[in-house]
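Listed below are the residues making up each chain.
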Amino acid sequence: RISLFVLLFLFACVTASTVTVKTPIAGDRWAIASQQHISWTCSSDIEQKPIEITLCKESDCSDDQPTNLLVKPNASTLHGEWTWLVKQVTPDQYYIRIKIDQTEQMSPQFEIYDNHVIQVTSPAADAQWDVLSDRLIKWTSPAAWGDKGVKLMLVPHDGQPVIPLWSTGSGNPGQYHWHVPPMRPAPYRVQVEINSFTGLSSHFVIIRSLNQTLRVTSPTASEKVHAHKPVLVEWERPLEQLDKTATVNISLCPVDPKTHQIQGKCKLIQRDHRDTFDAAHPTGNFTWTAEGEASYNMILVASSLGTWGYGPVFRLLGASVGWVVAVGIVCGLLIISIMALAVVCWPKMHDRWLRRQQLRGYDVVPTDADDGHPGTINDDLQDAYVGPIGQETSRSYPSDPL
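From a predicted model like this one, the values you see are computed outputs, not experimental measurements.

(A) Focus on unusual backbone geometry. A cis amide bond links Ser122 to the next residue, Pro123, at an omega of 15°. Take Pro123: it is sitting in the loop between strand 10 (119-122) and strand 11 (128-130). The omega torsion across Ser218 and Pro219 is 5°, close enough to zero to call that bond cis. Relative to the helices and strands, Pro219 resides in the loop between strand 19 (215-218) and strand 20 (224-226). Phi is positive for Asp126, close to 65°, though the residue is something other than glycine. The topology assignment puts Asp126 in the loop between strand 10 and strand 11. Judged by relative accessible area, which is 64%, Asp126 ranks as exposed.

See below:
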């Protein structure tokens, strides 16, 4: 009995499922955004079992430890190798766990490091960018990424929520012209995201050297501005600037309807508008045709004399899609009704007209438009008229019996 038990135990040990991680090996250094090969071998009894590949921070990779599932349970073992585009994680020491069915194996410890695959070259460290100034954000990224989409974010230094600046579904121009909106003076960083990877600029400072002494009076807070309709934008200068000639830039800034804080990028709607004031006419104005979807906004006016100001929050009403659809349906039904009426009434009207012509002494002979032979009384292709009855003509046909 003891011998039989030992034999069964040895047989079970010999036939136990095994998994061996071949790469990564101890001491490997893998750069973020690089392509690396994860490879393994396993016993034949689990070759076709579901596989799971996990990036682990701890050597035991237990359920209560932070993990990153790289490959969800799959129907095959991927032939013992899987190519991984190293994701953006905190640079540190990691392990790879290969789990096939209920058998798993951990790799030796290796390092993931950041080689700054996306480099933000502008703004420079400690640069000072003034509100309402035009600035250039620049970055570089691997050429192999081609026209992957780009997202730009502004990251406050004090942990406040990031501010979206610009994004594109495709195309990577490597630079972006940014008109700095009126915002809180503070240190910031620009974050560039491409292909699920991010790069951060050095810290720079947004300053406010212009004086907010220009007053925007129109549109008012209670005014409803309709898309595709003209609206008057008005502003007032400080008294000491009334006799000076200047130009102004006028922008539309989207705002949060609850907090009235500017969100995103202000859109320039008029550049270098000539602005001449005197004591008799202290108000500048510009007629603007609103465009865009329904939203809450404010008008920003910045003068070349170093002053600026923005007006109250107003509501922009977009074009009503419901009314457009309703008008289109009504017009379509009207056209269909007219066509149906023509189809029903035309034969009767045509016959009546033919009878009237015959009563006037004309021989009306319907003919076919293609071959010239007599057709039917309701032929709508072509009618041939032969002169007064009894008078010879070059084309004589038997009279229609009608």
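We are not done yet, so read on.
(B) Looking closely at the state of the cysteines. By the definition in use, this model includes one disulfide. One disulfide bridge connects Cys253 with Cys266, the sulfur atoms lying 2.1 Å from each other. Judged by the sign of its S-S torsion, about 110°, the cystine formed by Cys253 and Cys266 is right-handed. In this pair, Cys253 sits in strand 22 (residues 245-254) while Cys266 sits in the loop between strand 22 and strand 23 (267-276), placing the two residues 13 residues apart along the sequence. The pair Cys253 / Cys266 is uniform in exposure class, with both members buried.

(C) Region of the structure containing the confidence of the model for the chain. Per-residue confidence for the chain gives a mean pLDDT of 78, with 77% of residues at or over 70. Overall, residues 367-402 carries pLDDT values under 50, and its contacts beyond four positions in sequence, including any with other chains, amount to 67 contacts.

(D) Spatial organisation of the sheet that holds strand 10. Taken in spatial order, the three strands line up as 10-12-15 in an open sheet, and their pairing is antiparallel. Every other strand in the sheet has two partners, leaving strand 10 and strand 15 (175-179) as the edge strands with one partner each. Each adjacent strand pair in this sheet contributes to an overall mean axis angle of 25°, direction not counted. Pairing of strand 10 with strand 12 (residues 134-140) involves three bridges; the strand directions are antiparallel. What sits directly across from Gln119, in strand 12, is Thr140.

(E) Layout of the sheet that holds strand 24 (residues 283-289). Ordered by their spatial adjacency, three strands build an open sheet running 19-21-24, and the pairing between neighbours is antiparallel. Pairing within the sheet leaves two strands with one partner each, and these edge strands are strand 19 and strand 24. Across the sheet, the axes of successive neighbouring strands diverge by a mean angle of 30°, strand direction being ignored.

Quick notes on the rules
- All residue numbers refer to position in the chain's written sequence, counted from 1.
- Totals for whole chains, interfaces and linings use all residues, but because this is a predicted model, local features are given only for residues with pLDDT of at least 70 and pairs of side-chain atoms are given and counted only at 80 or more.
- To obtain the side-chain values, all non-hydrogen atoms of the structure were included, while hydrogens and water were left out.
- Helix and strand assignments come from DSSP, with helices taken as H or I runs of at least 4 residues and strands as E runs of at least 2, each series counted from the N terminus.
- Each residue is assigned to one of three classes by its accessible area relative to the maximum for its type, calculated with a 1.4 Å probe on protein chains only: buried under 20%, partly exposed between the two thresholds, exposed over 50%.
- Two cysteine sulfurs form a disulfide in these notes if their separation is within 2.5 Å.
- What pLDDT expresses is the predictor's confidence in each residue, scored from 0 to 100.
- The criterion used for residue contact is that any of the two residues' heavy atoms lie within 4.5 Å.
- Here, any two strands with at least 2 DSSP bridges between them count as paired.
- A fitted line through C-alpha atoms represents every axis, and for helices the fit uses only the stretch in contact; the resulting angles, taken between N-to-C directions, go from 0 to 180 degrees.

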